[in-house]
Every structure is written in structure tokens, then in C-alpha cells.
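Here are the chains, one letter per residue:
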Amino acid sequence: MTNQIFVVIADGSQREWTDAEKHLVSQSPELIEQLLVWLENSLSDSCWHPENYEFLQKLTKPKPEPKSFFDEKIEIPF
């Protein structure tokens, strides 16, 4: 199935990855790294389906830290 993921990018079919393919990608840090390298080298080729691009970007963006109660500024009106 990993080969299918790369074929979708390389053949210009502009097909969105299936749920099974997305699951495989999300569970494999090595595959994510390979896809990021491929993305850097092929983004200008317009081979990436926008949904696949966004999916990969969501996987690689750092997650925001949860806000702590103490992080918020509380104003006391007196």
C-alpha cells in the first residue's frame, strides 16, 4: 500500500488518498518523512492533491500547547 501512496503523487492523477492510506501515513513517522522530502521536491509539479497536501501538513504542524489557567491574565476591577 505504501507504493500506492507514492504512485498517487507521482502519476499526476490528483487522487485523494483513501482512509486506509491516510491511516497508514499517520501511523508511520518514516513514511511522513519520506513524503515531506517528496513534497519539497515535487510541490511545483502540481502532482499533490490539495487534500493530501493539507493532510500531511496537519500531521507535521506542531500541536499548540494547551492553555493553562495561570497563563490567562485576570483583571480584577478594584
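Scroll up for the structure.
Just so we're clear, the structure is a prediction, and the values are computed from it rather than from any experiment.

Definitions and limits used
- Residues numbered from 1 in each chain as written.
- Predicted model: local features only at pLDDT ≥ 70, side-chain atom pairs only at ≥ 80, totals over all residues.
- Heavy atoms only, no water.
- Axes fitted to C-alpha atoms, helices over the stretch in contact; angles between N-to-C directions.
- Helix = DSSP H or I, 4+ residues; strand = E, 2+ residues; numbered from the N terminus.
- Parallel < 35°, antiparallel > 145°, perpendicular 65-115°, else oblique.
- Left-handed = near helix turned anticlockwise from the far one by under 90°.
- Contact = heavy atoms within 4.5 Å.
- Nonpolar A, V, L, I, M, F, W, Y, C, P; charged D, E, K, R; others polar.
- Core = buried A, V, L, I, M, F, W, Y, C linked by side-chain atoms within 4.5 Å.
- Buried < 20%, exposed > 50% of the residue type's maximum accessible area, 1.4 Å probe, protein only.
- Phe/Tyr/Trp six-rings, centres within 6.5 Å; stacked < 30°, edge-to-face > 60°.
- Lys NZ or Arg CZ within 6 Å of the ring centre and 35° of its normal.

A. Main features of the packing of helix α3 (residues 29–42) against helix α4 (residues 50–60). Between α3 and α4, the least distance of the axes is 11 Å, while the angle of their chain directions is 125°. The orientation of α3 relative to α4 falls into the category oblique. Viewed along their axes, α3 and α4 form a crossing whose handedness is left-handed. Touching Ile32, Leu35, Leu36 and Leu39 of α3 are Tyr53, Leu56, Gln57, Leu59 and Thr60, all from α4. Along the lines of polarity and charge, the residues of the contact of α3 with α4 split into 7 nonpolar, 2 polar and no charged.

B. Structural context of the nonpolar core. Judged by nonpolar contacts, Ile5, Phe6, Trp17, Val25, Leu31, Ile32, Leu35, Leu36, Leu39, Trp48, Phe55 and Leu56 together constitute the single largest core of 12 residues. Among the secondary structure elements, those contributing two or more residues to this core are α1 (2–10), α3 and α4.

C. Highlighting the environment of serine 46. Looking at where serine 46 falls in the secondary structure, it is placed in the loop between α3 and α4. We classify serine 46 as exposed; its relative accessible area is 53%.

D. Structural detail: the packing of aromatic side chains. Inspection of the entire model under this criterion finds 2 aromatic pairs. Note on tryptophan 17 and tryptophan 48: the rings are 5.9 Å apart at their centroids and 70° apart in plane angle, and the pair reads as edge-to-face. Placement of the pair is tryptophan 17 in the loop between α1 and α2 (19–26) and tryptophan 48 in the loop between α3 and α4, with a sequence separation of 31 residues. What makes tryptophan 17 buried here is its relative accessible area of 2%. Classification of tryptophan 48 as buried rests on a relative accessible area of 7%. Each ring, one from tryptophan 17 and one from phenylalanine 55, has its centre 6.3 Å from the other, and the planes form 85°; the classification is edge-to-face. Highlighted residues: tryptophan 17 in the loop between α1 and α2 and phenylalanine 55 in helix α4, separated in sequence by 38 residues. We note that tryptophan 17, like phenylalanine 55, is buried. Taken together through their ring pairs, the aromatic side chains of Trp17, Trp48 and Phe55 make up a single cluster. The residue whose ring lies beneath lysine 22 is phenylalanine 55, and the NZ or CZ to ring-centre distance is 5.7 Å.

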